[in-house]
Amino acid sequence: MRNLKCESLDPEFAKFDICELTQAADLTKMNIILRLFKVPVTNWFCTAQIVYQKSLSVPLLNNTWDICDFMRKRKRGNVFSRIYAYLGPYTNLNHSCPFNHDIYVQNLTIMGKKTLVPMPNGNYRINFIFLTDGKKRFLVNFILGVKN
């Protein structure tokens, strides 16, 4: 992982206290703390985008999910359930709406884990855009390098 970017698009709604990649041995770890100012959050959507970066950028995924609905029903078999299974152990996003607390990701590492789906070697731009009440509130982007 590299080039982590966290941006609050609505500073009155949320602020990133921490947005960093740290190096420990040969592992890169992601740490994020997002402070929510307008709670409770009762509706929340996430747009996930994955773009394969070669000489031409190739979009592989561009989909939006209702986080509240997903966390309530824990639907299996869709792409978001695979993303959540991968990221869930590193975050405190472990219940359905409403969210009345800050959000964190702690020590997320990708190295040594299987990827979500088979992926060819290369660089992938991962974008997460989060919306509430129909407004884009914050985003998290990074580049993931894959070597098989």
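Just above, that's the structure.
All of these numbers come straight from a predicted model, not from anything done at the bench.

(A) Expanded view of the overall build of the protein chain. Tallying secondary structure elements over the protein chain gives 2 helices and 8 strands in all. Scanning the protein chain from its N terminus toward the C terminus, one meets helices and strands in the order β-β-β-β-β-α-α-β-β-β. The globule rule puts the C-alpha radius of gyration for 148 residues at 15 Å, and the 15 Å found for the protein chain is close to it. With respect to the three principal axes, the spread of C-alpha positions in the protein chain is 40 × 30 × 30 Å. Here the protein chain, with 148 residues, has 44% of them falling under the buried criterion. Put simply, 53% of the contacts in the protein chain that link residues at least 6 apart link residues at least 24 apart. Across the protein chain, the 20 positively charged side chains and the 10 negatively charged ones have centroids separated by 9 Å.

(B) How the structure looks around empty space enclosed by the protein. Applying the stated criterion to the full structure yields 1 cavity of 30 Å³ or more. Looking at the largest cavity, its volume works out to about 470 Å³. Where the lining of the largest cavity is concerned, the elements lending two or more residues are β3 (27-36), α1 (67-73), α2 (79-87), β6 (103-108), β7 (122-132) and β8 (135-146). Class assignment for the residues of the lining of the largest cavity results in 24 nonpolar, 1 polar and no charged.

(C) Local environment of the nonpolar core. Within the largest apolar cluster, 44 residues are counted, with the highest numbers of intra-cluster contacts made by W44, F128, F130, F138 and F142. Counting residues per element, this core draws most heavily on β8, at 5 residues. The residues contacting W44, other than those within four sequence positions of it, are W65, D66, I67, C68, L93, F99, I103, F130, L131, T132 and F138.

(D) Molecular detail of the pattern of salt bridges. Considering all chains together, one arrives at 7 salt bridges under this definition. Put simply, K5 and E7 hold a salt bridge, and the shortest N to O gap is 3.3 Å. A salt bridge links D69 to R72; its shortest N-O distance comes to 3.4 Å. Of this pair, D69 and R72 both sit in helix α1, 3 residues apart, which is roughly one turn of that helix. Beyond isolated ion pairs, a larger network of salt bridges with shared partners links D10, D133 and R137.

What counts and how
Residues numbered from 1 in each chain as written. Predicted model: local features only at pLDDT ≥ 70, side-chain atom pairs only at ≥ 80, totals over all residues. Heavy atoms only, no water. Helix = DSSP H or I, 4+ residues; strand = E, 2+ residues; numbered from the N terminus. Rg over C-alpha atoms; globule rule 2.2 N^0.38 Å. Buried < 20%, exposed > 50% of the residue type's maximum accessible area, 1.4 Å probe, protein only. Contact = heavy atoms within 4.5 Å. Lys, Arg positive; Asp, Glu negative; His and termini not counted. Charge placed at Lys NZ, Arg CZ, Asp CG, Glu CD. 1 Å grid on protein atoms, 1.4 Å probe; cavity = no way out; pocket = protein on both sides within 12 Å on 5 of 7 lines; lining within 4 Å. Points joined across faces, edges and corners; volume = space filled by probe spheres on them. Nonpolar A, V, L, I, M, F, W, Y, C, P; charged D, E, K, R; others polar. Core = buried A, V, L, I, M, F, W, Y, C linked by side-chain atoms within 4.5 Å. Salt bridge = Lys/Arg side-chain N within 4 Å of Asp/Glu carboxyl O.

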